[in-house]
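Observations on the three-dimensional arrangement
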Amino acid sequence: MIVMLAGCGSPQDAKQAAPTSAPTADPVNYGASTPAKVKPFKATPVATFDSPWALAFLPDRRMLVTEKPGRLWLVTGTGAKTQVGGVPTVHFEGQGGLLFIAVSPTFAQNSQVYLTYSEPGEGGDGLALARATLDASGAQPALKNLEVIWRQLPRGKGGQFGGYIAFSPDGRYLFLTSGERQRFTPAQDPDQALGKILRLTLDGKPAPGNPDAGKTGGTTIGIIDPPENTGAAAKAPVRTATMPAANLTPAETWSTGHRNPYGLAFDSKGQLWETEMGPQGGDELNLIEPGRNYGWPLVSYGKNYDDTPIPSHKGNTRFQQPALYWDPIIAPAGLTFYDGTMFPQWRGSAFVGGLASTALIRIAFDGNVPREAERWDMGARIRAVMTGPDGALWLLEDGDGGRLLRLTADRAG
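So, on to the overall build of the protein chain. Helix and strand counts for the protein chain come out as 4 helices and 27 strands. For 413 residues, the compact-globule estimate of 2.2 N^0.38 gives 22 Å, and the protein chain sits close to it at 20 Å. Overall, the C-alpha framework of the protein chain stretches about 55 × 50 × 45 Å when taken along its three principal axes. For the protein chain, contacts bridging at least 24 residues in sequence account for 61% of all contacts bridging at least 6. Carbon and sulfur atoms form 51% of the exposed surface of the protein chain, whose accessible area is close to 16,200 Å². Counting 38 positive and 39 negative side-chain charges, the protein chain places the averaged centre of each group 3 Å from the other.

Of the consecutive residues leucine 153 and proline 154, the connecting peptide bond is found in the cis state with omega at -5°. Even without being a glycine, glutamine 160 presents a positive backbone phi close to 50°. Structurally, glutamine 160 is set in the loop between strand E10 (142–151) and strand E11 (162–167). If you check the backbone angles, phenylalanine 184 has positive phi at about 70° while not being a glycine. For phenylalanine 184, the position within the fold is in the loop between strand E12 (173–178) and strand E13 (196–201).

With 57 residues, the main nonpolar core has Leu64, Leu129, Leu134, Ile165 and Leu174 as its most contacted residues. If we ignore the near neighbours within four places in the chain, the residues touching leucine 174 are Tyr114, Leu129, Ile165, Ala166, Phe167, Leu198, Arg199, Leu200, Thr201 and Leu202. Counting residues in hydrophobic clusters, the runner-up holds 30 residues, among them Val46, Val65, Tyr338 and Phe343.

Here we come to the packing of aromatic side chains. Following the criterion strictly, the structure yields 18 aromatic pairs and no others. Where phenylalanine 175 meets phenylalanine 266, the ring centres are 5.4 Å apart and the plane angle is 70°; that geometry is what we call edge-to-face. Of this pair, phenylalanine 175 sits in strand E12 while phenylalanine 266 is found in strand E17 (residues 260–266), placing the two residues 91 residues apart along the sequence. With respect to burial, phenylalanine 175 and phenylalanine 266 carry one shared label: buried. A connected cluster of aromatic rings, assembled from ring pairs, spans Phe41, Tyr338, Phe343, Trp346, Phe351 and Trp376. The residue whose ring lies beneath lysine 81 is phenylalanine 49, and the NZ or CZ to ring-centre distance is 4.5 Å. Across the ring face of tryptophan 296, the terminal group of arginine 259 is positioned such that the distance to the ring centre comes to 5.4 Å.

Attention shifts here to the sheet that holds strand E16 (residues 253–256). The strand order E11-E12-E13-E16 describes an open sheet built from 4 strands, whose pairing is antiparallel. In this open sheet, the two strands that pair with only one neighbour each are E11 and E16. Strand-to-strand twist across the sheet, computed as the mean angle between neighbouring axes with direction ignored, equals 20°.

So, about the pattern of salt bridges. A full pass over the atoms with the stated rule returns 19 salt bridges. Here aspartate 212 ties to lysine 215 by a salt bridge, and the two come within 3.3 Å at their closest N and O atoms. What makes lysine 215 partly exposed here is its relative accessible area of 48%.

It is worth spelling out the side chain of threonine 177 at this point. Positionally, threonine 177 belongs in strand E12. The class of threonine 177 is buried, set by a relative accessible area of 0%. A distance of 3.2 Å separates the side chain of threonine 177 from the backbone oxygen of proline 261, its partner in a polar contact. Ignoring any residue separated from it by four or fewer positions in sequence, one finds threonine 177 in contact with Leu127, Phe161, Gly162, Gly163, Tyr164, Lys196, Ile197, Pro261 and Leu264.

In this section: the sheet that holds strand E5 (residues 71–75). Pairing is antiparallel across the open sheet formed by 4 strands, whose spatial order is E3-E4-E5-E6. The two strands at the open ends of the sheet, each matched to only one other strand, are strand E3 (52–57) and strand E6 (81–84). Recorded for the sheet is a direction-independent mean angle of 25° between the axes of neighbouring strands. Pairing of E3 with strand E4 (residues 63–67), which is carried by 5 bridges, proceeds in the antiparallel orientation. Counted as the bridge partner of phenylalanine 57 is methionine 63 from E4.

Next up on the list: the environment of glycine 334. As for its placement among the helices and strands, glycine 334 is situated in strand E21 (residues 332–337). C-alpha of glycine 334 to C-alpha of threonine 358: the two residues are 24 residues apart in sequence and 13 Å apart in space. Excluding anything up to four places from it in sequence, glycine 334 contacts Tyr164, Tyr262, Gly263, Thr275, Phe351, Val352, Gly353, Arg383 and Val385.

Looking at the element boundaries, threonine 336 is found in strand E21. Classification of threonine 336 as buried rests on a relative accessible area of 7%. Along the chain, threonine 336 and glycine 291 lie 45 residues apart, while their C-alpha atoms are 23 Å from each other. Excluding anything up to four places from it in sequence, threonine 336 contacts Ser349, Ala350, Phe351, Val385, Met386, Thr387 and Leu393.

Only one face of strand E14 (residues 220–223) is covered, namely the face carrying Ile221 and Ile223; the face carrying Thr220 and Gly222 is uncovered. Note that E14 and strand E15 (residues 239–242) share 4 bridges and pair antiparallel. Across the sheet, threonine 220 pairs through a bridge with threonine 242, a residue of E15.

A separate point is the confidence of the model for the protein chain. Per-chain confidence: the protein chain averages 93 in pLDDT, with 93% of residues scoring 70 or above. Confidence drops under a pLDDT of 50 for residues 1–23, and excluding neighbours within four residues, the segment shows 64 contacts in the predicted structure.

The rules we used
Residues numbered from 1 in each chain as written. Predicted model: local features only at pLDDT ≥ 70, side-chain atom pairs only at ≥ 80, totals over all residues. Heavy atoms only, no water. Helix = DSSP H or I, 4+ residues; strand = E, 2+ residues; numbered from the N terminus. Rg over C-alpha atoms; globule rule 2.2 N^0.38 Å. Contact = heavy atoms within 4.5 Å. Areas by Shrake-Rupley, 256 points an atom, 1.4 Å probe, with all protein chains shown as cover. Lys, Arg positive; Asp, Glu negative; His and termini not counted. Charge placed at Lys NZ, Arg CZ, Asp CG, Glu CD. Core = buried A, V, L, I, M, F, W, Y, C linked by side-chain atoms within 4.5 Å. Buried < 20%, exposed > 50% of the residue type's maximum accessible area, 1.4 Å probe, protein only. Phe/Tyr/Trp six-rings, centres within 6.5 Å; stacked < 30°, edge-to-face > 60°. Lys NZ or Arg CZ within 6 Å of the ring centre and 35° of its normal. Pairing = 2+ DSSP bridges. Axes fitted to C-alpha atoms, helices over the stretch in contact; angles between N-to-C directions. Salt bridge = Lys/Arg side-chain N within 4 Å of Asp/Glu carboxyl O. Polar contact = N/O pair within 3.5 Å; in protein donor to acceptor, adjacent residues only side chain to side chain. pLDDT = per-residue confidence, 0-100.

Written out as structure tokens, the structure reads:
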């Protein structure tokens with residue numbers, strides 16, 4: 001949630017926000033896919049990090065790499081690392097810490113970057129979105145004039161922060177994934193930012209033309225601690241907190257009913273796609289459309305961790321079906337569309353990192369219908385995948401000692 005005033009939408013923006021018809025076909029389950037025996041690329045280690053989480057490319061092809069404990073690195077293509085100062089204080093515990101990093105569409109004019117992290121404070125922690133100016137001109141790069149432009153309030157307990165950023169193709173708007181913090185029911189609460197994808201201006205305000213532009217939410221919010229499963233959430237003790245200012249969550253929301261969105265990217269057609277971790281089974285790839293409800297925690301292709309069932313999407317027209325799903329899980333982390341020249345046969349494909357599956361997965365598209373086309377066992381949990389300006393695919397391994405890998409075609413070395 002944010003405590004800023006909403007903007008006004010234009011007729012063109014309102015037209016853009018109108019939902020399209022939902023697909024009626026049941027999605028295909030690719031959970032049983034097996035890795036290919038041959039990798040059509042060479043993986044070259046470039047640098048090593050402590051629990052890396054995300055990377056972003058600067059116009060000069062250097063990279064920014066976040067480490068979950070709260071460090072940010074400026075990295076060259078050959079692996080030289082320089083720590084960046086001015087990083088905000090994060091709550092590093094469990095799934096929380098310094099999370100995503102993104103280069104502003106206006107970086108050439110103002111050197112601004114965006115970052116997300118778990119922000120400590122009264123009542124626990126919450127997802128925060130900050131913007132800062134990167135000064136990388138000297139020997140000691142630093143973030144300057146850092147400002148939190150959006151924060152999830154009230155704070156509380158739980159992991160699954162989300163925190164992925166994608167900019168609209170025209171560079172005018174910022175899309176932000178906000179996880180449901182393992183609390184289940186807030187994903188369906190229009191007054192809470194948990195379990196939502198938000199569409200904001202570059203200043204962190206509600207974007208004009210959002211489905212509920214101009215609306216405000218309740219000033220008193222009910223908070224629960226992470227329960228054991230979906231059924232327990234309905235009976236969990238609730239404590240209340242008062243918003244410090246206007247609750248703009250309804251005006252910020254683009255889509256709802258998400259669990260743990262750990263990938264967000266636009267394709268070449270300008271369509272927004274998201275990867276989302278399910279519970280025990282039911283990881284999803286979703287085509288994100290404005291005003292849609294993707295069903296969590298009311299429906300899922302997975303089940304609770306104690307094996308109790310969750311109703312399926314099938315036959316329920318209230319909720320948007322995933323485009324495809326994985327059961328058993330892959331634990332998706334990261335999503336990128338490939339538009340480079342090093343692998344011409346993959347142009348237009350999406351690539352997803354897998355944590356539990358220790359895999360890199362290629363998704364091909366037949367029109368708007370995705371399919372898992374290839375899977376490669378990378379021998380480590382893959383936390384992030386990005387298409388580089390050099391045409392290579394760049395991966396981050398998860399955990400202590402996680403490597404930055406550059407994937408190149410065999411012929412390119």
